[in-house]
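# Breakdown of the fold
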Amino acid sequence: QVQLVESGGGLVQPGESLTLSCAASGSDLSRYVTSWYRQVAGKQRDLVASVGTSGRTNYGDYVKGRFTIARDAAKTTVYLRMNSLKPEDTAVYYCNAKHFLSNNQYWGQGTQVTVSS
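The model shown is predicted, which means the values in this text are computed figures rather than measured ones.

## Remarks on the sheet that holds strand S7 (residues 67-71)
Strand order in this open sheet of four strands is S1-S3-S8-S7, and the pairing throughout is antiparallel. Looking at strand neighbours, the two that pair on one side only are strand S1 (3-7) and S7, the edges of this open sheet. Taking the axes of each pair of neighbouring strands and ignoring which way they run, one obtains an average angle of 15° across the sheet. Across five bridges, the pairing between S1 and strand S3 (residues 18-25) is antiparallel. Counterpart to Val 5 in the pairing with S3 is Ala 23.

## Describing the state of the cysteines
Under the defined criterion, the tally for this structure stands at one disulfide. One disulfide in the model links Cys 22 with Cys 95; its S-S distance is 2.0 Å. Between Cys 22 and Cys 95 the disulfide shows an S-S torsion of about -80°. By sign, it is left-handed. Of the two residues, Cys 22 is situated in strand S3 and Cys 95 in strand S9 (residues 91-99); the sequence distance between them amounts to 73 residues. Relative accessible area serves as the criterion here: at 0%, Cys 95 is assigned to the buried category.

## Points about unusual backbone geometry
In this model, Lys 75 sits at a positive phi of 60°, which is unusual for a non-glycine residue. Following the sequence through the fold, Lys 75 ends up in the loop between S7 and strand S8 (77-82). Residues other than glycine seldom take positive phi values, yet Ser 84 does so here, at roughly 50°. If you trace the backbone, Ser 84 turns up in the loop between S8 and S9.

## Re the side chain of Ser 21
Note that Ser 21 resides in strand S3. Ser 21 gets classed as buried once you look at its relative accessible area, which sits at 19%. Apart from the residues lying within four places of it in its own chain, the contact partners of Ser 21 are Val 5, Glu 6, Ser 7, Trp 36, Thr 77, Val 78 and Tyr 79.

Thresholds applied
- Residues numbered from 1 in each chain as written.
- Predicted model: local features only at pLDDT ≥ 70, side-chain atom pairs only at ≥ 80, totals over all residues.
- Heavy atoms only, no water.
- Pairing = 2+ DSSP bridges.
- Helix = DSSP H or I, 4+ residues; strand = E, 2+ residues; numbered from the N terminus.
- Axes fitted to C-alpha atoms, helices over the stretch in contact; angles between N-to-C directions.
- Disulfide = S-S within 2.5 Å.
- Buried < 20%, exposed > 50% of the residue type's maximum accessible area, 1.4 Å probe, protein only.
- Contact = heavy atoms within 4.5 Å.

Right under this line is the structure:
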């Protein structure tokens, strides 16, 4: 069982930066593909970025070059650095951990990011 807690969301202006954190407890994330998703009310939850067990990263087309996903050395926290934020990045951001063998997955409670002038 993995518990995930996101933090770092807030209100920023277009062009500014924000870093989200996803802290894991119950297990480290070395055997999990860890991802950030985002969701706007009434729409599906979309993949933003993911980092695999080997450290390989993957990004949604709409954030490539602006967002960076990273995992700390202890593999207990995953970060999402968001640069050059746009109003269309406004959403609730969720952390997800999916075990690479069993496919059991866990979600955090989400953190709101609002980009507005």
